[in-house]
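Remarks on the overall topology
Listed below, chain by chain, are the residues.
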Amino acid sequence: MKSWCLLLAFVLIQRVGLGQNTLTLISHDREINLNTYLSAYVDTSHSLTLEDIVALPNKNFKPIPKTGLRTNVTKDVIWVKLTVSNPHNTRADVIIDFIDPSLEHIELFKFTESGLLKYATGTGLHPREKSVFSNKNSFLIDFPRRQTTQIYFKISSPNYMTISARLLDDGQAMEENMEERTFLGMFYGAILILMVFNFLLSAITRLRVFFFYGLYILTIAVFTGAADGFTPFYLHFLIEWTNGYQDMVTATLSNILGLLFMLEFLQVRSWSKTFFNIVTIFASLVGLSILTLLFTYPSHGYLLLNFYGIISLALMLTGGVLGTTKKVPQGIYYLLSYILFGFFILIFILNLLRVIEYSFLVQYSIHLGYMLSIVILSYGLGVRIYELYKSYLLREQEKQHLIEQKKKELEVKVAERTHDILIKETNLRAILENTDSAIWLVDEQYRLIDYNNVFAKLCDEIYGTSPERNQLVLDITPMNVEKNRWEKRYYEALKGQGGIFIDQNKVAGKIHHFEIYTFPIDSNGQITGVSAFARDITIRVDALDQLKSQNKALQKVNKELDSFVYSASHDLKAPLASIAGLISLVRREEDLESRQAYYDMVERSIARLDQFISDIIDYSRNARLEKDAEPVKFEETILEVFNDLAYMTDTRDVAKNINITQNTIFKTDPTRLKVIFRNLISNAIKYGCSHEGNDRIDVDCDVSTRKAIIKIRDFGPGISEVHRKKIFDMFYRADENGSGTGLGLYIVKETIEKLNGKIKLVTSEGEGSTFIVEIPNAK
């Protein structure tokens, strides 16, 4: 409330300083030019509020010329101030009308004793939202009796702006509106009739000249409708689509369609391909450059359009002159119409360039020029229609005579060719359907020309779709990634570059591999489509993968075999050489006690040789025999292994802590399971319990429906970090002086991998070792 009081106080202060710019209403005034009473301030920051504007000193507002304030294309906001005094005892209801109907947004702010009133109009608003429901940019305002009122206008537009306003009473505004609507209604009614007439002629004659002329008429009507305020009033959606740049779009289209109409009307291609190409290239340049500016720097488009308009007019006049000199029947009509139309267009362009002032002639220059050109061009088109009619009758007579002569010949040839085509089609179809490859043909628009049953079956199995002829082939697959991939392949083939591809697709739940070939279809040196072939090479790919896997396994076997031969020869010879040497010593030794020591040494060498042979047998069985899946009981297996190892030194003194949890049936290979337990437990006894310390072995088994987790722990010296990474390698011994073969843990790892399980070692020096084994339930 306090701010309103301050604003009203400011208005009262302004009233005290009223001078010659104050408009005093006189009772007999029916129309007043407001320009001499308006003053303007340009807000280049676009951020000033009404309070900021009201606070500005009067000197910041510059008077508007009597002819109006004219601006180029700008994003600035223009604030306009008007002071009106009503000395009468009655309220004055008047219309304030802005001459330029293309202004996009005008807001009116009026201070009253009850508060601030706000009105809006302009092309940017829907007609129903405007202050006055009209094709004009007008405001209906009442001025209280014996008061002076100050009004502010906030104006912005992406187009050229002419800020010029007048004040009218209700009766005068109504009268002018009726007269203008009557005149313009007749103008646009005639245009509509002519446009529909040309579209009908285009449909009947199949001539593009009438189609282009109909479109040309439409764009001119929309363009002139913007100057009359009818385009934003009746076609407001165009304002929304173009963000207020509808004049730029319609002017561009009218330039392009006017040039295309000239090419067809004067039949330019028939007498000058050079001029035809110049006009076509220029029309394309106009469209592309204005379209680019529309999405980047639209305000620059108006200036460029002025330049293009002059060039377009020059090209049209040049076409008229050349057509007349080339004796084109309609050349003289075209030249005369565009000399007249060009004169009025020039007036309009000079106004846009601010060379001449805005006036009635400028406002209706396009209307007048267009009406004159319509009369002349319509007559020229009438002459052309008459000439076409005569030539058409003559051609029809000649054709009828030729038709009668060749009818029988054509019937015979058609029958023969139809028979040949049927035979060829039957043979081709037999070839297509009797192959195991999917074959399909695609035209330049990516439509499916033809295909065989293998292709249809693959589409159903892979994508769940059924192809149809003339269908867009990219619509067969629902996946965008495949659409993009195939579109690129077809595009390259249409450019003459065939290709070979390998694709993977899921068919009946299994991945299949396809070898695909694309070839351009060449018809007399022109590529008209793509032929594609797809063959299922899954068996070949699987065989290759299997071969690679077997090769990798063979390399591993060869490597292990080399190591095995070397180590086996050494480990077999060493015990035998020891035995041979001991036997020689026994023969020479006469003392029985000494002989007994040699016999003990022979026995240990034989035991080592026996262990090595047993390890070799375990390794051979694991590599050669297939897996069995039988129910096993872990407690029985573990006790059996301990019984088998009872012969080992000090086995009876080892404390066995066995903890088995098995409440389900567990299936695996019992022989391999026993090999795993025997090697791990014997190692725990041999290396974990042969040193001073805790001679104890913990065996834990947790058996579930999914897997068995086995933990075998000893409390010996542990394994140093140096040996941990190689402990599972073939013939690797942590202690070269030990009695082991170096095959035990390697056999354990290979056996576990054969059962699809895994093994892990957890150890620390001085704290013992724990082997953790996971074996899946083969159930």
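You'll find the structure just up there.
What comes next is a walk through the structure. Just so we're clear, the structure is a prediction, and the values are computed from it rather than from any experiment.

With that settled, consider the environment of Lys726. By the secondary structure assignment, Lys726 is in the loop between α20 (721-724) and α21 (744-754). For Lys726, a relative accessible area of 45% puts it in the partly exposed group. Taking the C-alpha atoms as reference, Lys726 lies 9.7 Å from Tyr746; in sequence the two are 20 residues apart.

Attention shifts here to the sheet that holds strand β2 (residues 31-33). Spatially, 4 strands are ordered β2-β13-β7-β10 in an open sheet, and the strand pairing comes out antiparallel. The outermost strands of the open sheet, each flanked by one partner alone, are β2 and β10 (137-143). Strand-to-strand twist across the sheet, computed as the mean angle between neighbouring axes with direction ignored, equals 25°. Sheet topology places β2 next to strand β13 (residues 165-169); 3 bridges connect them, and they run antiparallel.

Our focus in this paragraph is the nonpolar core. Grouped together as the largest cluster of nonpolar side chains are 56 residues, with contacts concentrated most on Tyr213, Met262 and Tyr334. Elements represented by at least two residues in this core include exactly α3 (170-205), α4 (208-228), α7 (246-265), α8 (268-271), α9 (273-295), α10 (301-325), α11 (331-352) and α13 (365-433). Those residues in contact with Tyr334 that lie beyond four places of it in its chain are Gly258, Phe261, Met262, Phe265, Leu266, Met316, Gly320 and Leu377. Counting 35 residues, the second largest nonpolar core, distinct from the first, contains Val641, Leu673, Ala684 and Ile719.

Right, let's get into α7. For α7, built from 20 residues, the straight-helix expectation of 28 Å at 1.5 Å per residue is met to within 8% by its first-to-last C-alpha distance of 27 Å. In terms of residue burial, α7 counts as a mostly covered element, since 17 of its 20 residues are buried. In the stretch just after α7, Gln267 is the one whose phi turns positive, near 50°.

The next subject is unusual backbone geometry. In this model, Gln267 sits at a positive phi of 50°, which is unusual for a non-glycine residue. Relative to the helices and strands, Gln267 resides in the loop between α7 and α8. Given a relative accessible area of 38%, Gln267 falls into the partly exposed group. Of note, Lys327 is a non-glycine position whose phi angle comes to about 65°, a positive value. Relative to the helices and strands, Lys327 resides in the loop between α10 and α11. Taking relative accessible area as the criterion, Lys327 reaches 71% and is therefore assigned exposed.

One pass over the structure, following the stated rule, counts 27 aromatic pairs. Their ring planes at 50° and their centres at 6.0 Å tell us that Phe199 and Phe211 sit as a pair that is tilted. Remark: Phe211 occurs in helix α4 and Phe199 occurs in helix α3; sequence separation between them is 12 residues. Judged by centre distance (5.6 Å) and plane angle (90°), the ring pair of Phe282 and Tyr308 falls under edge-to-face. Of the two residues, Phe282 is situated in helix α9 and Tyr308 in helix α10; the sequence distance between them amounts to 26 residues. When sorted by exposure, Phe282 lands in the same class as Tyr308, which is buried. Three or more aromatic residues joined by ring pairs form one cluster here, namely Trp440, Tyr446, Tyr451, Phe455, Trp486 and Tyr490. Over the face of the ring belonging to Phe143 we find Lys110, whose NZ or CZ atom lies 5.8 Å from the ring centre. Across from the ring centre of Phe501, 4.2 Å away, lies the NZ or CZ of Arg489, which sits over that ring.

Rules used throughout
Residues numbered from 1 in each chain as written. Predicted model: local features only at pLDDT ≥ 70, side-chain atom pairs only at ≥ 80, totals over all residues. Heavy atoms only, no water. Helix = DSSP H or I, 4+ residues; strand = E, 2+ residues; numbered from the N terminus. Buried < 20%, exposed > 50% of the residue type's maximum accessible area, 1.4 Å probe, protein only. Pairing = 2+ DSSP bridges. Axes fitted to C-alpha atoms, helices over the stretch in contact; angles between N-to-C directions. Core = buried A, V, L, I, M, F, W, Y, C linked by side-chain atoms within 4.5 Å. Contact = heavy atoms within 4.5 Å. Expected span 1.5 Å × (residues − 1). Phe/Tyr/Trp six-rings, centres within 6.5 Å; stacked < 30°, edge-to-face > 60°. Lys NZ or Arg CZ within 6 Å of the ring centre and 35° of its normal.

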